[in-house]
Every structure is written in C-alpha cells, then in structure tokens.
Amino acid sequence: MAVPSFARQTGMACAACHTVFPELTPFGREFKLNGYVLDNIKQIKGITTENRETLSLNAVPPLSVMLQISYTHTGKALPDSAATGALAKDGDVLFPQQASFFYAGKIADNFGAFIQLTYDGVGDSFGFDNTDLRYARHFSFGGTDQSSQHSMILGVTVNNSPTVQDVWNTTAAWGFPFSGSSVAPGPIASAKLDAGAGGIGQNAAGLGVYAWIDSSIYAEFSIYGAAIRGGAHPLDSTQSSVIHGVSPYWRLAYEHRWDRNSLSVGTYGIVAKEHPGNGHALQGPVDRFTDTAADMQYQFIGEDHLFTILATYIHENQKFDASFLNGAAQNSSDTLKTEKLVGEYSYQRMIGGSLGLFNTTGSTDALLYPADPVALQVVGSLANKPDSRGYVAEVNFLPWLNTKLQLQYVRYSKFNGMSNNYDGAGRNASDNDTLYLLGWVNF
Amino acid sequence: MNQNCLIGLIVGATIYIGGTAWGAAENPAPDSPLGRTVQTCGTCHGTNGRSVSPTFPNLAAQTAPYIEAQLKAFKDQTRADPDAQAYMWGMAAQLSDPQISELADYFSKQPAPPPGKSAGPAMIARGRQVFEEGVPARQIPPCASCHGAHAEGMATFPRLAGQHAPYLLKQILVIQNALRNAPVMHGVAKELTKEQIQAVAAYLESI
C-alpha cells in the first residue's frame with residue numbers, strides 16, 4: 001500500500017516503489033520483504049556495553065494520512081430500506097468514503113510495520129484496518145565469491161488478513177480494483193481468499209514465515225486463527241464464520257526480471273475450517289473451505305509508458321459438515337471458482353486506464369444462495385447460483401504522484417446467477433452497473 | 001605428523017585464511033556494516049554492481065572517484081535529474097564520507113559488466129566513430145580523450161563501457177537540459193544530436 005509514511009522514512013519519491021499507487025514496482029516488493037525498514041532519516045539509538053543494539057527509532061515518526069471522497073451511481077436506484085415500494089436516493093456522495101491514518105515504517109532494526117487505522121464513512125466508525133508487522137534478516141549462502149553466492153531474506157510476519165503480507169497485486173488485499181464503491185451492491189459470494197462478501201478479510205490474525213531467495217523465489221507458510229473485532233468476546237454463537245483452530249495458508253511465487261520487465265507466476269491457498277455461528281454454537285462439526293489459487297503478474301516499467309497485467313484463478317472446495325446439518329446449505333459440498341484478468345496502462349504515472357474482467361461461478365444451492373422477492377431484494381438469487389461476471393473499467397488522472405482522480409465503471413453481465421430478474425423482484429444485473437467517481441489523496 | 005607436513009599445513013592455512021581475508025574486501029560479510037549497505041545498494045544496482053533494469057546504472061568497475069563524486073552530489077542534492085530525486089537523494093542522505101569511500105572502493109573492484117548488444121552493427125559502428133573521433137564539425141571532442149580509449153574511465157571521468165544504453169542516453173539528455181550539475185559535459189554534449197547519442201550509447205553498451 002502506498003503511503004507517504006514510507007516516502008518520509010526513505011526519502012524516496014513514490015515512483016521508486018510504486019507504478020501508480022498502490023501497485024508495487026520490483027523495488028517496492030524488495031522494500032516490503034525487507035521489513036519496511038529501509039530508512040534515511042535520523043535514528044535515535046541505544047546500545048549496551050557489549051555493543052548490542054537496543055533501540056533504533058525513527059526520530060520523526062513515519063506517519064501519513066489518506067482521504068477518499070467519492071460519488072456512486074448505480075444503473076437503477078436501490079430499494080428503500082424501510083418504505084415498501086420506494087427507492088432510495090439515486091446517487092451517493094461519501095465525504096469521506098474513507099479516511100485513514102498510517103504508521104508505516106521501521107520500529108527497530110530489521111523490524112517494521114504497516115499499520116492502518118480507518119474511519120469508514122458508511123459505517124461512521126473508526127477502527128483498525130490492514131496491519132502487517134514483520135521482522136526480516138538477510139543471509140548469504142553457497143558459492144565461493146560474490147557472483148556465485150545466493151542471497152536470501154528470511155522473515156516473520158504477523159498480520160490481520162490473509163494476503164495483506166503479499167507483495168504482488170494479484171491477491172485480495174492489494175488487488176485490482178484498488179478502490180471501489182462502498183455502497184454499490186456486490187455479488188452474493190466470493191472465495192475465502194478473495195475480497196468481497198465471502199472473504200476472510202480482517203476476521204483473522206496470522207503468523208507466518210517466509211523466504212525470498214535471489215530476488216526471485218518466494219515461499220511462505222502462515223497460520224490464521226479467528227480474530228473478529230467487535231461483537232461478543234470470547235467469540236460465541238452470536239458471531240459468524242469463526243475459524244476453528246488454525247488455518248494453514250501457503251504462498252509460492254517465482255519472479256523473473258529482465259531489462260524493464262518483471263514476470264511472476266505463483267500459487268497460494270488456504271484450508272479454513274469454520275464454525276458457521278450465526279445462532280449456532282461454536283462446537284461440533286465445522287465447514288471446510290479449501291482454496292487453491294494460481295496467479296500471474298507482468299509489469300513493464302518504461303521511461304514514459306507503464307504496463308501491467310494481473311491474473312488470478314481461485315478454486316474453492318466447500319465442505320459443509322456444519323452448514324448442511326443446520327440448514328444453511330442445501331448440499332453437503334459445493335464449489336466456487338473465481339477468475340480475474342486485468343490490464344493497466346499509465347503514461348508517465350499521470351494519465352492511464354485499466355480494464356479488469358471478472359467471472360465467478362459456483363454450485364447451485366438453494367439455501368446458500370436463496371431468493372426472496374420481498375426480504376432479499378437486490379441480494380437474493382432466483383437461480384440459487386452465485387454466478388456473477390462483468391468488467392471494471394477505470395480512467396485515472398494523477399496531477400501529482402500522491403493524488404489520484406478516478407472514474408470507474410463496473411458493468412455486470414450476470415449478477416447472482418442471472419442477467420435479468422436475478423433476485424425475483426425484477427432487478428437486472430445491469431441495474432447494479434456502477435459509476436464511481438473518486439478523489440484519493442495521500443499525504 | 002612430521003615437520004614438513006606441519007609446515008605445509010601452516011602455510012596452507014595461512015594462504016587459505018589470507019585468501020579469505022583478501023576475498024573479504026570484495027565480499028563483505030552480509031551482516032557487516034559495509035555488507036548491509038551493499039545489500040541495500042544491490043537491491044537496484046545488483047550486489048555485484050550489475051543491474052537488471054536500465055533505470056539503474058551498472059556500478060561494477062566504475063571509477064571510484066566518480067562514484068564518490070556522485071554519491072556526494074546526491075547527498076548535497078546538486079545532482080537533480082528525475083531519478084536522482086526519486087531514488088538517490090533519499091538513499092545518499094545518511095551516508096557518511098567514510099561509507100561513501102568504502103562503497104566507491106567496493107563497486108570499483110567488481111568485475112566489469114559483460115558487453116550487451118542493443119542495436120545493429122551499423123549503429124554500433126556509427127557510435128564507435130563518434131566515440132573515437134568526436135564530431136569535429138560541431139567542435140565535439142572525441143569521448144575517448146577523457147573517458148579512455150576503451151571507455152574504461154579515468155579518475156573522475158566515468159567508465160562508460162558496458163553501461164546500459166538507455167541509461168547513457170538519458171544522462172546525456174539530462175546533462176543537455178542542465179538537470180545534472182556537470183558543466184564540462186554540458187559544454188561537450190550540448191551539440192550532440194539524439195541520433196548521435198543513441199549511436200554512441202549503443203556502441204558503449206557493446207564493449
């Protein structure tokens with residue numbers, strides 16, 4: 001994530017680590033994998049008499065602020081949430097949609113953090129957001145001289161969302177679209193490792209170890225446990241989708257760089273066992289979600305032209321040992337498949353555009369994807385399927401590296417299983433088409 | 001063991017340890033202060049001074065006085081081309097003078113980068129002509145007269161041989177626009193046409 005905190009700490013302009021924020025350049029990936037510690041500002045130091053370092057603190061804290069102001073317009077206005085038969089206001093201004101405060105940078109030698117606190121304009125609430133703390137060290141091994149030696153970073157990450165620790169922009173936390181409306185409707189289902197309705201998101205806390213070898217091979221193993229903010233604590237039956245025990249998460253990637261290009265291919269996944277909760281006790285059988293995903297990222301960073309391709313495919317096996325018993329799922333097992341492909345272009349990091357295609361398909365399940373023309377207008381599925389597909393098109397203008405003005409259009413050719421009357425109450429997929437205007441400034 | 005064997009062992013050990021210590025000047029331990037700094041520079045420039053992206057110049061076998069002068073220019077911000085501002089002002093801000101000397105020494109001792117080839121033989125031949133003869137019609141002296149017959153560099157005149165052609169092109173353009181504080185080069189290069197710069201850059205990358 002692009003934050004001026006890092007610019008303040010490193011003394012480097014945004015373009016060093018980012019193509020167009022928040023997407024990372026190869027150098028930006030190195031900075032993150034090194035623990036966010038690269039610093040070029042005065043340090044407050046402490047040592048013992050044995051010359052062991054006890055403190056290395058930025059004299060000036062790397063703090064920054066982010067502000068998003070937006071306007072959302074959907075193809076057809078949404079139904080009023082109370083007055084039957086009426087429509088809500090057509091068009092929604094959020095001032096702000098989101099305001100965030102960051103401490104992002106070094107905490108001690110080899111130890112740094114990305115900490116985000118966010119005010120959400122829709123919920124009118126303030127709380128923790130994406131957070132990643134990491135400790136990383138360099139090692140060399142093998143070889144007899146500089147040219148044949150291998151270099152390796154070994155690191156530990158503690159974070160609050162699967163993929164927030166990832167350095168490629170193909171995975172959920174930092175993937176495309178990098179910003180979107182928080183009031184427009186979204187499809188009923190998404191994989192655990194995807195953004196959207198079904199994703200684990202920040203309802204987890206993770207501990208992981210990773211290795212980054214010769215700036216090309218990445219291997220990570222992490223475990224995630226339930227960590228839900230708000231609601232009943234200790235977690236009980238009033239919460240939902242509570243991870244049982246620990247969920248193993250893995251990530252492998254290979255990146256090749258040549259001239260001004262970088263190409264990475266990778267795979268990632270999680271096995272998440274969950275208690276559905278939602279009125280049912282957090283005991284007994286659990287649902288098991290196994291995500292297996294592949295991704296690819298290509299970047300060309302030229303003098304004037306920048307070009308990126310992002311692709312990911314997530315296959316999710318859903319085994320409903322719990323939800324099938326308590327009537328939340330019609331089938332004892334289902335699948336969900338997600339495909340995304342994005343192309344981005346920028347001229348001098350100033351003017352650019354992106355086009356992202358998305359396609360989610362899944363099993364028919366009348367209890368998982370129910371319909372009710374009265375109670376589930378907009379969010380239901382007459383076909384009892386999660387299938388949604390379409391594209392996201394964006395035009396961006398950045399008068400300065402830290403300010404983005406964006407026009408985004410989301411078009412649905414299919415939403416919650418069908419193109420027309422998908423919810424049984426007469427709403428079409430195209431009624432959810434969204435025009436989104438965003439002013440995004442970081443300082 | 002007998003005395004000869006012991007002497008042999010001691011001599012062998014001395015050579016090995018001495019060899020390792022000598023090697024250490026070229027290969028600082030990763031956790032030593034110089035080692036850590038080299039790791040940081042190496043992220044873009046390669047720990048052996050050979051970079052992948054032409055945005056970042058090769059530093060391997062660069063002349064130590066030139067590296068020192070540039071690091072100091074980044075530190076006091078007298079070198080102000082766009083990539084200097086984006087990357088190197090921050091990078092050099094906290095470097096001490098002894099660190100700058102150590103880095104210059106380290107990279108200057110790295111094996112020279114292998115020749116690259118980014119253009120056809122005609123362009124390379126044209127570039128060689130400009131490099132060795134200059135452009136007399138525009139009072140441009142031969143580059144070789146300061147940079148060396150094989151572009152190997154001389155004191156504060158940098159090595160150009162094996163450098164990324166796009167980087168060389170960009171630096172000449174930046175010097176022509178006086179974004180780098182380089183009055184000697186500005187006088188020399190201001191009359192070069194873009195076609196001549198591209199040709200000489202292609203030649204220099206190939207040697």
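**Concerning helix 10 (residues 194–205) of chain B**
Residue and element names in this part refer to chain B. A rise of 1.5 Å per residue sets the reference length of helix 10, with its 12 residues, at 16 Å; its end C-alpha atoms lie 16 Å apart and thus fit the reference within 8%. Burial analysis of helix 10 places 9 of its 12 residues in the buried class, the great majority of the element. Turning to helix 10, its buried residues number three or more, namely Ile197, Gln198, Ala199, Val200, Ala201, Ala202, Tyr203, Leu204 and Glu205. Close packing links the buried residues of helix 10 with helix 6 (121–133) and helix 8 (165–176).

**Re the confidence of the model for chain B**
Residue and element names in this part refer to chain B. Per-chain confidence: chain B averages 87 in pLDDT, with 87% of residues scoring 70 or above. Mean pLDDT values over the elements of chain B span from 47, in helix 1 (residues 3–26), up to 97, in helix 3 (residues 64–75). Confidence drops under a pLDDT of 50 for residues 11–25, and excluding neighbours within four residues, the segment shows 1 contact in the predicted structure. Under the prediction, the complex receives an ipTM of 0.82, its pTM being 0.90.

**Describing the environment of arginine 251 of chain A**
All names here are of chain A. You can see arginine 251 is positioned in strand 11 (residues 247–258). Along the chain, arginine 251 and alanine 219 lie 32 residues apart, while their C-alpha atoms are 5.8 Å from each other. Residues within four places of arginine 251 in sequence aside, it is in contact with Asp166, Tyr218, Glu220, Gly266 and Tyr268.

**A closer look at the environment of tyrosine 347 of chain A**
All names here are of chain A. Take tyrosine 347: it is sitting in strand 15 (residues 333–347). For tyrosine 347, a count of 12 C-beta atoms within 10 Å corresponds to the exposed category. As a C-alpha pair, tyrosine 347 and phenylalanine 307 span 40 residues in sequence and 9.0 Å in three-dimensional space.

**Focus: the packing of helix 3 of chain B against helix 4 (residues 82–92) of chain B**
Residues and elements named next belong to chain B. Helix 4 packs onto helix 3 with a crossing angle of 95° between their chain directions and a minimal axis gap of 8 Å. Judged by the inter-axis angle, helix 3 sits roughly perpendicular to helix 4. In this structure, helix 3 contributes Leu71, Phe74 and Lys75 to the contact, and helix 4 contributes Ala84, Met88, Trp89, Met91 and Ala92. When its residues are assigned to classes, the contact of helix 3 with helix 4 shows 7 nonpolar, no polar and 1 charged.

**Details of the nonpolar core**
With 49 residues, the main nonpolar core has Cys17 and Ala104 of chain A together with Phe74, Met88, Leu103 and Phe107 of chain B as its most contacted residues. At 6 residues, the largest contribution of residues to this core is made by helix 4 of chain B. Sequence-distant contacts of phenylalanine 107 of chain B, defined by excluding residues within four places in its chain, comprise Gly49, Leu59, Ala60, Gln62 and Ile67 of chain B. Counting 30 residues, the second-largest nonpolar core is a separate cluster that includes Trp174, Tyr268, Ile314 and Tyr369 of chain A.

What counts, and at which threshold
Residues numbered from 1 in each chain as written. Chains lettered and ligands numbered in written order. Predicted model: local features only at pLDDT ≥ 70, side-chain atom pairs only at ≥ 80, totals over all residues. Helix = DSSP H or I, 4+ residues; strand = E, 2+ residues; numbered from the N terminus. Expected span 1.5 Å × (residues − 1). Buried ≥ 20, exposed ≤ 12 C-beta atoms within 10 Å, placed from the backbone. Contact = placed C-beta atoms within 7 Å. pLDDT = per-residue confidence, 0-100. Axes fitted to C-alpha atoms, helices over the stretch in contact; angles between N-to-C directions. Parallel < 35°, antiparallel > 145°, perpendicular 65-115°, else oblique. Nonpolar A, V, L, I, M, F, W, Y, C, P; charged D, E, K, R; others polar. Core = buried A, V, L, I, M, F, W, Y, C linked by C-beta atoms within 7 Å.

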